[in-house]
Amino acid sequence: MKPSPHPYSGPERPAPGLPARPGRRGFLGGLLATAAVAAAGPAHAAARPAPAPAPPTAPRATRPLLLGTYTSEAGGGAGIGTAAYDTATGAITPGSVITGVDNPSYLALHPSGSTVYAVAEQDAGAVTAVALAPDGTYEVLGSRPTGGSGTTHLSVHPSGRWLLSANYGSGSVAVHPVAEDGALGERTDLVTHSSPPPGPGQGGPHAHQIVTAPDGDHVLAVDLGTDTVYTYALDESAGTLTEVSRAALAPGAGPRHLAFHPDGRFAYLACELDNTLVVCAYDPATGVLTPGPGQPTGTGSGTSYPSQPVVTGDGAYVYLANRGPNSLTRYAVEDDGATLRLLDTVPVGGDWPRQLALSPDSSLLFAANQRSSTVTVFGIGPDGSLTAVGDPFPAPVAVCVLPLP
């Protein structure tokens, strides 16, 4: 969403991007076929003496990558972009576009890997399910209204039976059931954050993220407008939310996104309006989140608009995207997750890093740069250092990147 505090008024300003690529089906199959042809090389017309055999080398693996964008803005995409990334080098190869999906600015994968879900970030918020077949074809399974406006985030409950979504414009969170084929049913709950009152400069609540805690029993909703993180218990039979706790941030902090440490006892919360990253203690038994003091982003004076933290799979490092200075901050995780030590910042290589994602093995970091319409890739060293990999990958109004396992 826009960093300035105001009610939802549509997607953030896009930058010019690539024209829409044609094609509705076969993004994985096409990529694999292309890779196979390239690997085969030209045919030989005549036999030649065989050279001495070379030592065997492991084949280089590629995995799918999905890209979120805005379809209603000039320079935006035509749907969910597809690509493939080299797991060793991070190099990205473009694919086709999954059409029939409006304003898919955030994406989430079902635990089975067979369905991807997208928000429709617009006045009449919605969520869409897309089935991904093993042969690379896809099918749009349909959309369901969220009951709110400006749907900006979604996640799948670990059970795979419920889709959770956050409506920024109306400050509400919704629950939809997930069928066995991945399709979505009618909404089972909608909760609006009616208290506490909005923070300084805010016109109302602005739910920006909803995630399930690692314990699986609690759902946390981050609201930028009320400077609050709400903890809910999800009734897995009825698909309803019951509030169990609230965590208050400093007035005007503007909490946006959090990420959990793998052990589930700490979370790191990006506050986009006061330029901090807050270490929060978390009690899995009660769902109570306890924020600590805000940590600096290492970006100096001025508003850095931090957007999203990510934590490596081993829990050793945290990375934070800063949209103002277009940088990435690296922290070392200490005291079993209770402390962050700021190490350095590096340029992100693009403009306005809206979202970050790690490869499944935490060897690569991807940054979706909205205003430059690019995705930049970084290799992660043994010490957590970031090294830019290759040239920025062109992607129309890149606001979300989702590497698939």
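So, how was this worked out
Residues numbered from 1 in each chain as written. Predicted model: local features only at pLDDT ≥ 70, side-chain atom pairs only at ≥ 80, totals over all residues. Heavy atoms only, no water. Pairing = 2+ DSSP bridges. Helix = DSSP H or I, 4+ residues; strand = E, 2+ residues; numbered from the N terminus. Axes fitted to C-alpha atoms, helices over the stretch in contact; angles between N-to-C directions. Buried < 20%, exposed > 50% of the residue type's maximum accessible area, 1.4 Å probe, protein only. 1 Å grid on protein atoms, 1.4 Å probe; cavity = no way out; pocket = protein on both sides within 12 Å on 5 of 7 lines; lining within 4 Å. Points joined across faces, edges and corners; volume = space filled by probe spheres on them. Nonpolar A, V, L, I, M, F, W, Y, C, P; charged D, E, K, R; others polar. Polar contact = N/O pair within 3.5 Å; in protein donor to acceptor, adjacent residues only side chain to side chain. Contact = heavy atoms within 4.5 Å. Phe/Tyr/Trp six-rings, centres within 6.5 Å; stacked < 30°, edge-to-face > 60°. Lys NZ or Arg CZ within 6 Å of the ring centre and 35° of its normal.

The next thing to look at is the sheet that holds strand β26 (residues 374-380). In space, the four strands of this open sheet follow the order β24-β25-β26-β27, with antiparallel pairing throughout. The two strands at the open ends of the sheet, each matched to only one other strand, are β24 (353-358) and β27 (386-394). The sheet shows a mean angle of 20 degrees between the axes of neighbouring strands, taken without regard to direction. Across six bridges, the pairing between strand β25 (residues 364-369) and β26 is antiparallel. Among the inter-strand pairings, N369 is bridged to a residue of β26, identified as T374.

With an omega of 0 degrees, the peptide bond between S195 and P196 qualifies as cis. Mapped onto the secondary structure, P196 falls in the loop between β11 (189-192) and β12 (207-212). The backbone phi angle of S362 is positive, close to 60 degrees, even though this residue is not glycine. When you line up the elements, S362 lands in the loop between β24 and β25.

Another point: the pairing of strand β2 (residues 80-86). Looking along a regular strand, one sees side chains alternate from face to face of the sheet. Of all the seven residues making up β2, seven are buried; the element is thus mostly covered by neighbouring parts of the structure. With six bridges joining them, strand β1 (residues 62-68) and β2 adopt antiparallel strand pairing. Each bridged residue has a counterpart across the sheet, and for P64 the counterpart in β2 is A84. Pairing between β2 and strand β3 (residues 92-98): five bridges, direction antiparallel. Of the residues in β3, the one forming a bridge with Y85 is I92.

Summed over the entire model, instances satisfying the criterion amount to two cavities of 30 Å³ or more. Every residue along the wall of the second largest cavity is listed here: Y106, T152, H208, R256, H257, S307, Q308, R354, Q355 and V399. Of all the secondary-structure elements, those providing two or more residues to the lining of the second largest cavity are β16 (255-260), β20 (306-311) and β24. Considered class by class, the residues forming the lining of the second largest cavity number two nonpolar, six polar and two charged.

If you roll a probe as big as a water molecule over the atoms, it shows you where there is empty space left. The volume enclosed by the largest pocket comes to roughly 1,300 Å³. Along its surface, the largest pocket is lined by 42 residues, and Y106, S155, V211, Q308 and L402 are the ones closest to its centre. Residue assignment for the lining of the largest pocket shows that the elements contributing at least two residues are β4 (107-109), β8 (151-156), β12, β16, β20, β24 and β28 (400-403). Here the residues of the lining of the largest pocket are counted per class, giving 28 nonpolar, 14 polar and no charged.

The next subject is the side chain of T374. With respect to the secondary-structure elements, T374 resides in strand β26. At a separation of 2.8 Å, a polar atom in the side chain of T374 contacts the side chain of S372. Those residues in contact with T374, other than ones at most four positions away along the chain, are G350, A367, A368, N369, P392, F393, A395 and A398.

Another aspect to go through is the sheet that holds strand β7 (residues 138-145). Across the sheet, four strands lie side by side as β4-β5-β6-β7; this open sheet has antiparallel pairing. What marks the edges here is a single partner per strand, and that holds for β4 and β7. Each strand axis lies, on average, 20 degrees off the axis of its neighbour in the sheet, ignoring direction. Looking at chain direction, strand β6 (residues 126-132) and β7 are connected through seven bridges and run antiparallel. The residue of β7 that forms the bridge with A126 is P145.

Before going further, it helps to examine the packing of aromatic side chains. According to the stated counting rule, one finds four aromatic pairs in the structure shown. Centre to centre, the rings of Y85 and F366 are 5.2 Å apart; their planes meet at 75 degrees, and the pair counts as edge-to-face. Linking Y85 in strand β2 with F366 in strand β25, this pair joins segments that are 281 residues apart in sequence. Taken as a pair, Y85 and F366 share a single burial class, namely buried. A centroid spacing of 5.7 Å and a plane angle of 55 degrees characterise the contact between Y305 and W352, whose relative ring orientation is tilted. Residue Y305 is found in the loop between β19 (288-296) and β20, and its partner W352 is found in the loop between β23 (339-347) and β24; the two are separated by 47 residues along the sequence. Cation over ring: R371 sits above W352, and NZ or CZ is 3.8 Å from the ring centre.

Pairing of strand β14 (residues 228-235) with strand β15 (residues 240-248) involves eight bridges; the strand directions are antiparallel. Across the sheet, L234 pairs through a bridge with L241, a residue of β15. The turn joining β14 and β15, which pair antiparallel and follow one another in sequence, is formed by four residues; a positive phi near 70 degrees is taken by G239.

The values are spatial; any link to function lies outside them.
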